[in-house]
Structures are given as structure tokens and as C-alpha cells.
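Below are the chains, spelled out letter by letter.
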Amino acid sequence: MAYSAINKRQTSLILMRKNGIDVQIIEGLPVEEMKPNSVLSTSQGDGPFIRQTFHGSRDNILERTAKFGQSFLQNSENLEAMVEPIQTTKALPKPPPRVRDREDDLYSALGGDGGPIYLSDGVWLTSDGGAHDWGR
């Protein structure tokens, strides 16, 4: 979902994602009129594009974005500083390693002998550690 606003000298876009908010500030006013529920075409090269992720942030990204929106409409200066990306030391969880050794994995524990093993709900486990929704 995208929100757009225009002040006296700039255009701003607030792009909502499931895991964060992107803000873009474009110098000048749009060539075409921005209409509600219309298609939006933009490029990251059109102006500063600031990506803010929810994960690992110590600040409230929604609150920061709301303050940015108010300041933008009031033609405030130094808007980019209000939404600069937040640095974090929190790392994303690492995915589990792929099963490589048949002797130490779930496949072997379930008595696998080379062919796929039926787990439940149409899901099959193969000797290489893959899980497949074959239904059968």
C-alpha cells in the first residue's frame, strides 16, 4: 500500500510493506495528478529512498513515519534525517541447516531406507531432507 502527499516543493511517498515502511522524497511536484486508489509508478532513483524494517528496531517505526508525514506537510527542512534507516545489531534468525547425513537426521530416525516417508497431511520426507506436498 502506498500513501502520497505533496507540499509546496516536494512529493513524498510512504510505501507500506509487511516487514517495514519505505519512504521516498522526490523534489518537485508530480507531472500527473495523484488520484486515490490509482496505480503508482516510481523508481528508487527518483529521490532518496529510505528503507526502514520493523525487525530489530528499537524505535517505533510507525510513530516515526507519522511524525515525518506531519513535518512533510508543514514543509519542514531536513526530512531525510527523520526517517533515516535505523541500525540494529539484532540478527535475523538463521534457517536450519540442510540435512546432509542420512544417519543423523529425522529421515533415519523414522526408519527411512531410500524411499520417501509419509509424515502427515500429504507431506512426504525424502532422504535428502526435502519435504514435499505430494498428497498422493
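Preceding this paragraph is the structure being described.
Residues numbered from 1 in each chain as written. Predicted model: local features only at pLDDT ≥ 70, side-chain atom pairs only at ≥ 80, totals over all residues. Heavy atoms only, no water.

Let us look at the packing of aromatic side chains. In this structure the tally under the stated criterion is three aromatic pairs. The interplanar angle of 35° and the centroid separation of 6.1 Å between the aromatic rings of Phe68 and Phe72 together place this pair among those described as tilted. Pair noted here: Phe68 and Phe72 are both in helix H1 (residues 61-73), with a separation of four residues, about one helical turn. Judged by relative accessible area, Phe72 falls into the buried class, the value being 1%. Centre to centre, the rings of Tyr118 and Trp124 are 5.1 Å apart; their planes meet at 65°, and the pair counts as edge-to-face. (Phe/Tyr/Trp six-rings, centres within 6.5 Å; stacked < 30°, edge-to-face > 60°. Helix = DSSP H or I, 4+ residues; strand = E, 2+ residues; numbered from the N terminus. Buried < 20%, exposed > 50% of the residue type's maximum accessible area, 1.4 Å probe, protein only.)

Moving on, we get to the side chain of Ser12. Looking at the element boundaries, Ser12 is found in strand S2 (residues 10-17). Residue Ser12 is classed as buried on the basis of its relative accessible area, which comes to 3%.

Further remarks concern the nonpolar core. Membership of the largest hydrophobic core is limited to ten residues, which are Ile14, Ile21, Val23, Ile25, Ile50, Ile61, Phe68, Phe72, Leu79 and Val83. Among the secondary structure elements, those contributing two or more residues to this core are strand S3 (20-27) and H1. Excluding anything up to four places from it in sequence, Ile21 contacts Ile14, Leu15, Met16, Ile50, Arg51, Gln52, Phe54, Ile61, Leu62 and Thr65. (Core = buried A, V, L, I, M, F, W, Y, C linked by side-chain atoms within 4.5 Å. Contact = heavy atoms within 4.5 Å.)

On to H1, then. Since the α-helix packs 3.6 residues into each turn, any two residues three or four apart lie on the same face. Across its 13 residues, H1 extends 18 Å between first and last C-alpha, which sits within 8% of the 18 Å expected from 1.5 Å per residue. Three or more residues of H1 are buried, namely Ile61, Arg64, Thr65, Phe68, Ser71 and Phe72. In a view along the axis of H1, the buried residues occupy a sector of 125°, so they form one face of it. Facing away from the buried side of H1 by more than 90 degrees, the exposed set consists of Gln70 and Leu73. Here the buried face of H1 lies against strand S1 (2-6), S2, S3 and strand S4 (49-53). For H1, the N-terminal cap is Asn60; the gap from its side-chain oxygen to the backbone nitrogen of Leu62 is 3.0 Å. (Expected span 1.5 Å × (residues − 1). Arc of directions from axis to C-beta. Polar contact = N/O pair within 3.5 Å; in protein donor to acceptor, adjacent residues only side chain to side chain.)

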